[in-house]
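Architecture at a glance
As a plain string of letters, each chain reads:
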Amino acid sequence: MSFLRSVHPFPAIEHMEVLIIGAGLSGIGAACYLQKQHSSKSYAILESREATGGTWDLFRYPGIRSDSDLHTFGYEFKPWVNDQSIAGAKDILAYLRQAAAENGIDRKVRFQHKVVGAAWSSAEARWTVDIERLDTGERHQMSCRWLFCAAGYYRYDEGYTPKFEGIEHFKGQVLHPQQWPENLDYTDKRVLVIGSGATAVTMVPAMADQASHVTMLQRTPTYVMSLPSRDPIANALRKVLPDTWAYAVTRRKNIALSRAIWRLCQKHPKTMRKLIRSMNQRALPKGYPVDEHFNPPYNPWDQRLCAVPDGDLFKAISAGKASVVTDHIATFIERGVMLKSGRELQADIVVTATGLNLQLFGGMALSVDGEAVDLSRKVAFKGMMLDGIPNFAFAIGYTNSSWTLKVGLLCEHFSRILSHMDQNGHAICRAELPSPTMPTRPLLDFGAGYVQRALQHLPRQGLGAPWLMSMDYQLDAKVLREGPVQDPFLHFGKAERRAGIWSAKGQHAVEA
């Protein structure tokens, strides 16, 4: 019996083999993969909010939906059987919570547990995680072998709103979609939505039927494409095939289609620009100034394309219920905003759909062997680990396709790393750069404002594999699903000493 076991039979720190941060789309998925491949490993999910679902529970603004089809946005292991391929938050949330319940994941979630910091000890090969209980204000610690961060990429407590001149003079209501009030009545109100991204193009048609008029004010146009909300092939296949087969075929079809569109945009941007413009022109009234409002100055997929199901935005514009204005705000006035062109836009409600505040890993502080980690000096390894940080993985999905496609592959590879470590008796897994002067570039090659504002604080990526943040599903499938776990830049080792910790499987001290 160890000294620690005999003197401290009930240590305060509870131990898990894996701690997953976040109970949203990525966290639930990570838990499902972990439980399936490593059913004997203890784990818990730490969720700072009061409910599962992440983004799909947080946002409550009108019309919230995915702009990716659910046959690729859904989990590979759980068929999407809803007739709607592009679905609203209510249906997506029900799907996520059903996946959690079916696999017993919901019983592993600890709500209002915010991770504020985590310290790695190479000697003991474990993380000590500092947790704040948001319901009680108490602080406590847990320990784990692996820390898997599935907390998304933006701050949940606040969105981004730029400084607007004279906003204090406006007599109406100003809202950000991330803090949408319950039961807001905008019936017969003039609504001004500031922004041109996915949130704005979703809200405008959703509010247009009740509001007296909705105006989308944008500084720069965005590429907008109409897509059918229902997938006729998927729905037809489900009538003649089992759900799992129909889902697998549809998923493969949609992966190939979205990848083909992205590659065409990369190789033939001028052709794709003309095609998208032509589609928009046919969907809008004759003589509509398409080039003014729907012809961005950048190439397709330099920023994410906005999908509008069944052309709902174009239909609202054609019906006279909504309009688009491309201009800059000079100042707010009592009745709305004054534009730099001199035009005045009147409004009763202003919605600042101006973006997110990027925040990786939930804003927690990391340290390794007593030294604080500067994330801006770290480099991503295979898009799921950071150099020099042992036993730490994270989930960031695609920016050019369905988020979940990448997360699923990362979770598969994570499970394979755990298997490799178990088979070889390893306790530590650490990615190391070939040279501290290795050339790098920004983590995300993406022109969206919320990304550009935060790049200087984010980790970086290299110029070649395995240090790339790949955005190609087929390539990632070969590397993460089929490629070897072992890599010249991935080092495995054992703990320097054994530590006494409290096991989640029994209230007694064990030697780790």
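Our structure is the block above this text.
The structure contained in this document is the topic of the report that follows. These numbers were taken from a predicted model, which means no experiment stands behind them.

Brief notes about the overall build of the protein chain
- Counting secondary structure elements, the protein chain contains 14 helices and 27 strands.
- The dimensions of the protein chain, computed from C-alpha atoms along their principal axes, are 85 × 55 × 50 Å.
- Counting only residues that meet the buried cut, the protein chain has 54% of its 512 residues in that class.
- Counting only carbon and sulfur atoms, one obtains 50% of the accessible surface of the protein chain, whose full area is about 22,900 Å².
- The centroid of the 59 positive side-chain charges in the protein chain is displaced by 5 Å from the centroid of its 50 negative side-chain charges.

Quick word on the packing of aromatic side chains
- Taken as a whole and judged by the stated rule, the model has 19 aromatic pairs.
- Site record: aromatic cluster; members linked through ring pairs are Tyr33, Tyr75, Phe77, Trp80 and Tyr95.
- The ring centre of Tyr43 lies 5.2 Å from the NZ or CZ of Lys108, which sits over that ring.

Quick notes on the pairing of strand β16 (residues 349-352)
- The two faces of β16 match: Ile349 and Val351 on one face and Val350 and Thr352 on the other face are all buried.
- Direction of pairing for strand β7 (residues 173-175) relative to β16: parallel, over a ladder of three bridges. For Leu175, the partnering residue across the bridge sits in β16 and is Val351.
- Where strand β8 (residues 190-194) lies against β16, four bridges are found, and the strand directions are parallel. Directly across from Val191, in β16, lies its bridge partner Ile349.

Here we look at helix α8 (residues 243-267)
- Here α8 contains 25 residues, and its C-alpha end-to-end distance of 36 Å stays within 8% of the 36 Å for a straight helix at 1.5 Å per residue.
- Every buried residue belonging to α8 is among Ala246, Tyr247, Thr250, Arg251, Asn254, Ile255, Trp262 and Cys265, and all of these are buried.
- Check the buried side of α8 and you find it contacts α4 (70-73), α5 (89-102), α7 (232-240), α9 (269-283), α12 (403-424) and α14 (473-482).

Some words on unusual backbone geometry
- Pro466 follows Ala465 through a cis peptide bond whose omega is 0°.
- With respect to the element layout, Pro466 can be found in the loop between β24 (460-462) and α14.
- Of note in this structure, Ala125 is not a glycine but carries a positive phi near 55°.
- As for its placement among the helices and strands, Ala125 is situated in the loop between β4 (113-121) and β5 (126-133).
- Of note, the phi angle at Asp310 is positive, near 55°, even though the residue is not glycine.
- Summarising the element assignment, Asp310 is placed in the loop between β11 (306-309) and α11 (312-318).

Examining the environment of Gly462
- With respect to the element layout, Gly462 can be found in strand β24.
- Once residues lying within four places of it in the same chain are set aside, the contact partners of Gly462 are Val379, Met438, Pro439, Thr440, Arg441, Trp467 and Leu468.

Let's talk about the environment of Tyr223
- The topology assignment puts Tyr223 in the loop between β9 (213-218) and β10 (224-227).
- Note on Tyr223: relative accessible area 2%, which makes it buried.
- When the C-alpha atoms of Tyr223 and Gln173 are compared, they prove to be 29 Å apart, with 50 residues separating the residues in sequence.

Focus: the sheet that holds strand β15 (residues 344-346)
- Judged by pairing direction, the sheet is antiparallel, and its three strands sit side by side in the order β13-β14-β15 without closing on themselves. Each edge of the open sheet is held by one strand with a lone partner, namely β13 (329-333) and β15. Mean inter-strand twist for the sheet, computed between neighbouring axes without regard to direction, equals 20°.

Considerations on the pairing of strand β1 (residues 14-21)
- For β1, a buried count of seven out of eight residues is recorded, marking the element as mostly surrounded by other parts of the structure.
- Where β1 and strand β6 (residues 139-149) come together, seven bridges link them in parallel fashion. Following the sheet pairing, His15 is matched in β6 by Ser143.
- Here β1 pairs with strand β2 (residues 43-47) via four bridges, running parallel. Across the sheet, the residue bridging to Val18 is Tyr43, located in β2.
- A crossover connection joins β1 to the parallel β2 through helix α2 (residues 25-37); in handedness this β-α-β unit is right-handed.

Observations concerning the sheet that holds β16
- Read across the sheet, five strands follow the order β7-β16-β8-β9-β12 without closing on themselves; strand pairing throughout is parallel. Two strands bound the open sheet, and with one partner strand each, they are β7 and β12 (322-326). Geometrically, the sheet is characterised by an average inter-axis angle of 20° between neighbouring strands, direction not taken into account.
- Note: β8 against β9, five bridges, orientation parallel. Along β9, the bridge assignment pairs Arg190 with His213.

Comments concerning the packing of α2 against α12
- As a packed pair, α2 and α12 sit with axes 9 Å apart at the nearest point and diverge in direction by 35°. In this structure, the crossing between α2 and α12 has a hand that is right-handed. Facing Leu25, Ser26, Gly29, Ala30, Tyr33, Leu34 and Gln37 of α2, the residues of α12 in contact are Trp403, Thr404, Val407, Gly408, Cys411, Glu412, Ser415 and Leu418.

Here we look at the pattern of salt bridges
- Taken as a whole and judged by the stated rule, the model has 22 salt bridges.
- The residue Lys406 makes a salt bridge to Asp476 at a minimum N-O spacing of 3.4 Å. Here Asp476 lies in helix α14 and Lys406 lies in helix α12, a separation of 70 residues in the sequence. Note on accessibility: Lys406 and Asp476 belong to one class, buried.
- Here Arg481 makes a salt bridge to Glu412, at a shortest N to O gap of 2.8 Å.

Definitions and cut-offs
- Residues numbered from 1 in each chain as written.
- Predicted model: local features only at pLDDT ≥ 70, side-chain atom pairs only at ≥ 80, totals over all residues.
- Heavy atoms only, no water.
- Helix = DSSP H or I, 4+ residues; strand = E, 2+ residues; numbered from the N terminus.
- Buried < 20%, exposed > 50% of the residue type's maximum accessible area, 1.4 Å probe, protein only.
- Areas by Shrake-Rupley, 256 points an atom, 1.4 Å probe, with all protein chains shown as cover.
- Lys, Arg positive; Asp, Glu negative; His and termini not counted.
- Charge placed at Lys NZ, Arg CZ, Asp CG, Glu CD.
- Phe/Tyr/Trp six-rings, centres within 6.5 Å; stacked < 30°, edge-to-face > 60°.
- Lys NZ or Arg CZ within 6 Å of the ring centre and 35° of its normal.
- Pairing = 2+ DSSP bridges.
- Expected span 1.5 Å × (residues − 1).
- Contact = heavy atoms within 4.5 Å.
- Axes fitted to C-alpha atoms, helices over the stretch in contact; angles between N-to-C directions.
- Right-handed = clockwise from strand over helix to strand, strands pointing away.
- Left-handed = near helix turned anticlockwise from the far one by under 90°.
- Salt bridge = Lys/Arg side-chain N within 4 Å of Asp/Glu carboxyl O.

The values are spatial; any link to function lies outside them.
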